[in-house]
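The chain contents come next:
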Amino acid sequence: MASAKPKKKNPRLASGRKRARQDVKLNAANTSLRSKYRTAVKNVEKAVAAGDKAKATELFAKAQSIVDTVADKGIFHKNKAARDKSRLSAKVKGLQAQAAA
């Protein structure tokens, strides 16, 4: 039985081998940051769904920082980061308006 992924060929040139080594490290770092981003967004959405205004506001402040960091590093586009922050902000503000009413 063959494996699902076709085996990659090793580059011949030293520069190609180095690039392959670097790509492995960069991929791991980017994957970690992408996961951190998604977790932060998910945590804010869970707090909003639970109706916990204080926790949602606190988590949103932390999420903003993470979203900006990920956008600055180029893992997600700046516009996607801004859009996500805007949507999260609207959810948190909606929760606050709901609590006031």
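Here the residue numbering is sequential within each chain, running from 1 through the sequence in written order. pLDDT decides what is reported in this predicted model: residues at 70 or higher carry local features, side-chain atom pairs at 80 or more are listed and counted, and totals for whole chains, interfaces and linings draw on all residues regardless. In computing side-chain values, all of the structure's heavy atoms are included and hydrogens and water are not.

The name given to the protein in an unreviewed UniProt entry is Small ribosomal subunit protein bS20, and the organism recorded there is Ramlibacter montanisoli. UniProt positions are given in the numbering used here, feature names are shortened, and annotations may be inferred rather than shown by experiment. In the Sequence similarities (unreviewed entry) part of its UniProt record, the protein is described as follows: "Belongs to the bacterial ribosomal protein bS20 family." UniProt, in the comment section headed Function (unreviewed entry), describes the protein in these words: "Binds directly to 16S ribosomal RNA."

(A) Quick peek at helix α2 (residues 53-72). The first and last C-alpha atoms of α2 sit 28 Å apart over 20 residues, in line with the 28 Å expected at 1.5 Å per residue. The cut-offs for exposure are 20% and 50% of the maximum accessible area for each residue type, with area from a 1.4 Å probe on protein chains only; residues under the lower value are buried, those over the upper are exposed, and the others partly exposed. To qualify as a helix, a DSSP run of H or I must reach at least 4 residues; to qualify as a strand, a run of E must reach at least 2; elements of each kind are numbered from the N terminus. Those residues of α2 lying buried are A56, L59, F60, A63, V67, V70 and A71. An end-on view of α2 places all buried positions within 115 degrees of arc, on one side of the element. Residues A54 and D72 are exposed on α2 and point more than 90 degrees away from its buried face. Here a polar contact means two N or O atoms within 3.5 Å. Within protein one must be a hydrogen donor candidate and the other an acceptor candidate, and residues neighboring in sequence count only if both atoms are side-chain atoms. Of the residues flanking the start of α2, the one acting as N-cap is D52, its side-chain oxygen 3.3 Å from the backbone nitrogen of K55. G74, located one to two residues past α2, shows a positive phi value of around 85 degrees. Multiply 1.5 Å by the residue count of a helix minus one, and that product is the helix's expected span. Arc, as used here, means the arc of the directions from the helix axis to the C-beta atoms.

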